[in-house]
Amino acid sequence: KGLVGRVIECAWGRHPSFTALAVALEGGFVTFYQEEGDLLDHRTVRRGLGAEVLSIAWCPTKPVLAIGWTDGTLSIWSESTSSGMTHDDTDVHGGYAVSVLQWSPDGSRLVSGDENGRVGVWKID
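Residues numbered from 1 in each chain as written. Predicted model: local features only at pLDDT ≥ 70, side-chain atom pairs only at ≥ 80, totals over all residues. Heavy atoms only, no water.

Enquirer: A description of the nonpolar core should follow, citing residues and the corresponding values.
Expert: Core analysis: the largest hydrophobic core is formed by 17 residues, its most contacted members being Val-30, Phe-32, Ile-56, Trp-58, Leu-65, Ile-67 and Trp-77. Among the elements of the structure, β2 (18-25), β3 (29-33), β5 (53-58) and β6 (64-69) are those that each provide at least two residues to this core. Top element by residues in this core is β2. It accounts for 4 residues. If near-sequence neighbours (up to four positions away) are discounted, Ile-67 is found in contact with Val-30, Val-45, Val-53, Ser-55, Ile-56, Thr-73, Leu-74, Ser-75, Trp-77 and Leu-101. With 12 residues, the next largest nonpolar core counts Ala-57, Cys-59, Ile-76 and Trp-103 among its residues. (Core = buried A, V, L, I, M, F, W, Y, C linked by side-chain atoms within 4.5 Å. Buried < 20%, exposed > 50% of the residue type's maximum accessible area, 1.4 Å probe, protein only. Helix = DSSP H or I, 4+ residues; strand = E, 2+ residues; numbered from the N terminus. Contact = heavy atoms within 4.5 Å.)

Laid out in structure tokens, this is it:
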């Protein structure tokens, strides 16, 4: 169910207040599904301007998803906000595709890497 397109990546996020499967689809979408497979309405993330999702990673300690885009943008999506998207950064990766995302075990840091070899370390509160 939900949007149709080639699946780029998927990841489970399991937290006491929120459990979902995030699915990155061709066309620059991330959709969210319940454990039973039902689409979570009003939780689709999309960037304009032809950007595609390249990588996704759930924080291990809170319902926060990091999204790496082919245009060099790093997005942080949070279930705890009404709008979902809480932060977009385009400066660190300078237009190079964000191909690697990895959270620290305690969820306090996120590492992002791009196709040009630049690595960013983010403190997440």
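Enquirer: Talk me through the sheet that holds strand β1 (residues 7-15); I want residue IDs and the actual numbers.
Expert: Working definition: the strands of a sheet are paired by backbone hydrogen bonds and lie parallel or antiparallel to each other. The antiparallel open sheet is built from 4 strands, whose spatial order is β1-β2-β3-β4. Of all strands in the sheet, those bounded by a partner on one side alone are β1 and β4 (45-46). Pairing of β3 with β4, which is carried by 2 bridges, proceeds in the antiparallel orientation. Across the sheet, the residue bridging to Phe-29 is Arg-46, located in β4. (Pairing = 2+ DSSP bridges.)

Enquirer: Describe in detail the state of the cysteines, supporting the description with residues and values.
Expert: Structurally, a disulfide amounts to a covalent bond that connects the sulfur atoms of two cysteines. Per the stated rule, a full pass over the model turns up 0 disulfides. Among the cysteines around Cys-10, which has no disulfide bond, Cys-59 carries the closest sulfur, lying 19 Å off. The buried category is assigned to Cys-59, whose relative accessible area is 1%. (Disulfide = S-S within 2.5 Å.)

Geometric descriptors of this kind do not, in isolation, establish any biological role.
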